[in-house]
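Now for the letters of each chain:
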Amino acid sequence: MSKSTSRSPFGWSNRGGNVTVIEAPVARSYRRRATIAFWVTLGVVGLLAATVASHYLHPILGALLGGVIGVAVGAVVFALIVAWPVLRVFWHWLTEIVLGLVAVYGWNALMQSTPLWGSLLIVALVVGVPAAIGPVRRRIVAWIWCLVVRHRLRMCFAAFIATNRSGSLPLILLARPTPAGERVWVWLRPGLSLRDLEQDGQVQKLAVACWANEVRVMRASRKYAALIRVDITRREPLAAKVLSPLPDYVPTDVPANAPTSPGMPPVGLDLPDVPDEPVTAPTDTPRPRKPRNPTTTTSPSDGFDPSDYA
Amino acid sequence: MDLTDTIELPTTSPDTVPVGAGLSIFDPVFLGIDEFGQPVYLPMIYRNILIGGEPGAGKSSLLNTIVGHAALCPDVRLCLLDGKQVELGLWEDACDVFVGPDLNHAIRTLRRAQTVMDNRYTFLKARRRRKIGPNDLFGQILVACDEIAYFSATAGDKKDQELFAALLRDIVARGRAVGIIVAAATQRPSSDIIPTSLRDIFAWRFAGRCTTDVSSDIVLGHGWAARGFSSNTIDPNNQGAGYLISEGGIPALVKAAYMTDADIIRVADYAAWTRRQSGLTTTAERHATTDIKAAA
Ligand SMILES: Nc1ncnc2c1ncn2[C@@H]1O[C@H](COP(=O)(O)OP(=O)(O)O)[C@@H](O)[C@H]1O
Ligand SMILES: [Mg+2]
């Protein structure tokens, strides 16, 4: 009895007790979702199509046609949703698949159009020249890291970042190389927030999974809380000196007419040259001061502590 | 009128027309790069910055970068206060007022700036406006102060120090809308050095390496160390690196750009030259004051 109700055509149990979405195997949950989608699509599309068709045909024929169209569209939706776990994998690996196809078909076409030595030469050039030029090579390696990082992040999200009840993972958007590593934009799905990623140890786990030094997550948009930015740091760009661009604004042919401030004779530059005077009130202020104030210092040379102003 | 214009231009400057560098203080200042290697720009107009950090953290270098940008802006006047003289001293010929270790001169200078500020507000009010814009009737003024502690806690007596802090606070608090910008550096802006009421009104903060989490919090604001932003974690050998609070409101680890002394001298000489040609610096008056000082 309970078996038959839980296998009702609408995909849900009307006995409440055995709605176990999380524990259900992924395939079954997708089939259930697909069944619901099928019936909803059939209803909506069928009704609409039947309404439109009965304007042109006999109402019974129109209703039948609407039903047929509804079933057809529903079947397509059903198939898409059931196949979605597989399609998704294709989508995730699309870049690699396309690159692989280009390599295989390109090699085939090359072999057909040129003799073997020609193809080998062209391949050597296509591979060798970017590998020999430093900036190009680094750019390509950075892009490869971007591809790798997106897969690693997806794995992390699936493995240990808390997901919502229906198990939908954050959408991993663009990845871009930065001088320090990579920057990936992520769109969070309902049930997850930046706080979850900021929790103790989460970003450290991300860093471990991405083979990186450090990972930082922050909001990427003032408008959408769901759009976040994951910064993956592999190199330390702050160690090098950053030169200011201001001198570039100065033309090189400036005449040497810069004024020089009045020179100063080298007097009083060592301790013996400065006499040991009692601390008095400053002479250049018009108002008299209490002379016994011990913190009063007149000239910078005697009350001056160089360690304060290093 | 047309005739004099066409005659005058070639005669004053046959081949070296002292054009300004084409910068404006309304452009954000290039500050350096962030930890991801992206450039960081800091808008300084209508803003003030407080720079803190241990000795040798790179505060004066950062101040020099800001002053350098302003020096290349043809409509910005410079008021430099430097108790250590050499940090901002390279700009002496390009600036309008240079104050060395002389608290009275510092107070007089801030008084002047305050009067200018009041006059400007009166003027704006008469024109029914609330703030200045680019290419306005008057330019902007950058008040850069290295080692505030010298003026606010070391030199002179308590009353003068308090007067200095009060004047500076007034300029920081009210100067924004009339284009008076304050950039100030000090090692540890704790309450015994500068009043907290002055410290807390700086919008932008830069904390170079600090010796403790508490010092870092004093610069950045309370509670950042607990949230993982403590400039105590910066490598002491990585001078110029620090946490910057600016537009995002969240500290960002940045490395400040650096100008070597030769670079500063080149930029300063060029700035002095273009400013003298355009009559921006009051060189005569300044040399008069230095002469008086030398005579005294
Ligand atoms: N942005 C920077 N990049 C590289 N080196 C720097 C940078 N800023 C400062 N330094 C180095 O650190 C030294 C001390 O800097 P300084 O600005 O005088 O520190 P502070 O004023 O904080 O005591 C400088 O002489 C310079 O060699
Ligand atoms: Mg300094």
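Note that the structure is predicted; figures quoted are calculated from it, not measured. (Residues numbered from 1 in each chain as written. Chains lettered and ligands numbered in written order. Predicted model: local features only at pLDDT ≥ 70, side-chain atom pairs only at ≥ 80, totals over all residues. Heavy atoms only, no water.)

**Some remarks on the overall build of chain B**
Of the regular secondary structure elements, chain B holds ten helices and ten strands. For chain B, buried positions account for 58% of its 296 residues. Residue pairs in contact within chain B that sit at least 24 positions apart in sequence constitute 66% of those at least 6 positions apart. Carbon and sulfur atoms make up 54% of the accessible area of chain B, which amounts to about 12400 Å² in all. (Helix = DSSP H or I, 4+ residues; strand = E, 2+ residues; numbered from the N terminus. Buried < 20%, exposed > 50% of the residue type's maximum accessible area, 1.4 Å probe, protein only. Contact = heavy atoms within 4.5 Å. Areas by Shrake-Rupley, 256 points an atom, 1.4 Å probe, with all protein chains shown as cover.)

**Notes on the packing of aromatic side chains**
Residues and elements named next belong to chain A. Under the counting rule described, the total for this entry stands at twelve aromatic pairs over all chains. An angle of 55 degrees between the planes, with centres 5.7 Å apart, marks the rings of Trp187 and Tyr224 as tilted. Of this pair, Trp187 sits in strand β2 (residues 181-187) while Tyr224 sits in the loop between β3 (214-219) and β4 (227-233), and the two are 37 residues apart along the sequence. Accessibility expressed as a relative area gives 42% for Tyr224, which makes it partly exposed. (Phe/Tyr/Trp six-rings, centres within 6.5 Å; stacked < 30°, edge-to-face > 60°.)

**Considerations on helix α6 (residues 158-174) of chain B**
The end-to-end C-alpha distance of α6(B) is 24 Å, a good match for the 24 Å that 17 residues give at a rise of 1.5 Å each. Among the residues of α6(B), those classed as buried are Asp160(B), Gln161(B), Phe164(B), Ala165(B), Leu167(B), Leu168(B), Asp170(B), Ile171(B) and Val172(B). (Expected span 1.5 Å × (residues − 1).)

**Some remarks on the side chain of Arg154(A)**
Residue and element names in this part refer to chain A. Mapped onto the secondary structure, Arg154 falls in helix α6 (residues 134-159). No salt bridge is formed by the buried Arg154. Its closest oppositely charged neighbour is Glu96, at 7.5 Å. Within the structure, Arg154 has its side chain in polar contact with the side chain of His151 (distance 3.1 Å). Sequence-distant contacts of Arg154, that is, excluding residues within four places in its chain, are made with His92 and Ile172. (Lys, Arg positive; Asp, Glu negative; His and termini not counted. Salt bridge = Lys/Arg side-chain N within 4 Å of Asp/Glu carboxyl O. Polar contact = N/O pair within 3.5 Å; in protein donor to acceptor, adjacent residues only side chain to side chain.)

**With respect to the sheet that holds strand β1 (residues 171-178) of chain A**
Backbone-to-backbone hydrogen bonds join strands into a sheet, with any given pair of strands oriented parallel or antiparallel. Residues and elements named next belong to chain A. If you walk across this open sheet you meet the four strands as β1-β2-β4-β3, and the pairing is antiparallel. Both outer strands of the open sheet, β1 and β3, are each paired with one neighbouring strand and no more. Strand-to-strand, the axes of this sheet are offset by a mean angle of 20 degrees, without reference to chain direction. As paired strands, β1 and β2 are joined by six bridges and run antiparallel to one another. Within β2, the position partnered with Arg176 by the bridge is Arg183. On top of the sheet, α6 reaches β1, β2 and β4; it is set at about 150 degrees to β1, its chief contact. (Pairing = 2+ DSSP bridges. Axes fitted to C-alpha atoms, helices over the stretch in contact; angles between N-to-C directions.)

**What about the environment of Gly58(B)?**
Residues and elements named next belong to chain B. When you line up the elements, Gly58 lands in the loop between β3 (49-52) and α2 (59-71). For Gly58, a relative accessible area of 17% corresponds to the buried category. Considered as a pair, Gly58 and Ala257 are 199 residues apart in the sequence and their alpha carbons are 9.9 Å apart.

**As for the nonpolar core**
Core analysis: the largest hydrophobic core is formed by 82 residues, its most contacted members being Ile49(B), Leu78(B), Leu80(B), Trp91(B), Leu142(B), Phe151(B) and Phe164(B). Beyond its immediate sequence surroundings of up to four residues, Phe151(B) is in contact with Leu81(B), Asp82(B), Gly83(B), Val99(B), Gly100(B), Asp102(B), Leu103(B), Ala106(B), Cys145(B), Asp146(B), Gln161(B) and Phe164(B). (Core = buried A, V, L, I, M, F, W, Y, C linked by side-chain atoms within 4.5 Å.)

**Description of the pattern of salt bridges**
The final tally for this structure, using the stated rule, is 13 salt bridges over all chains. For Asp231(A), the salt bridge is made with Arg183(A), and the minimal N-O distance between the two is 2.7 Å. Here Arg183(A) lies in strand β2 and Asp231(A) lies in strand β4, a separation of 48 residues in the sequence. One exposure class covers both Asp231(A) and Arg183(A), and it is buried. Ionic pairing is found between Lys84(B) and Glu87(B), a salt bridge with its closest N-O pair at 2.6 Å. Residues joined by salt bridges that share partners form a network here, namely Arg183(A), Arg229(A) and Asp231(A).

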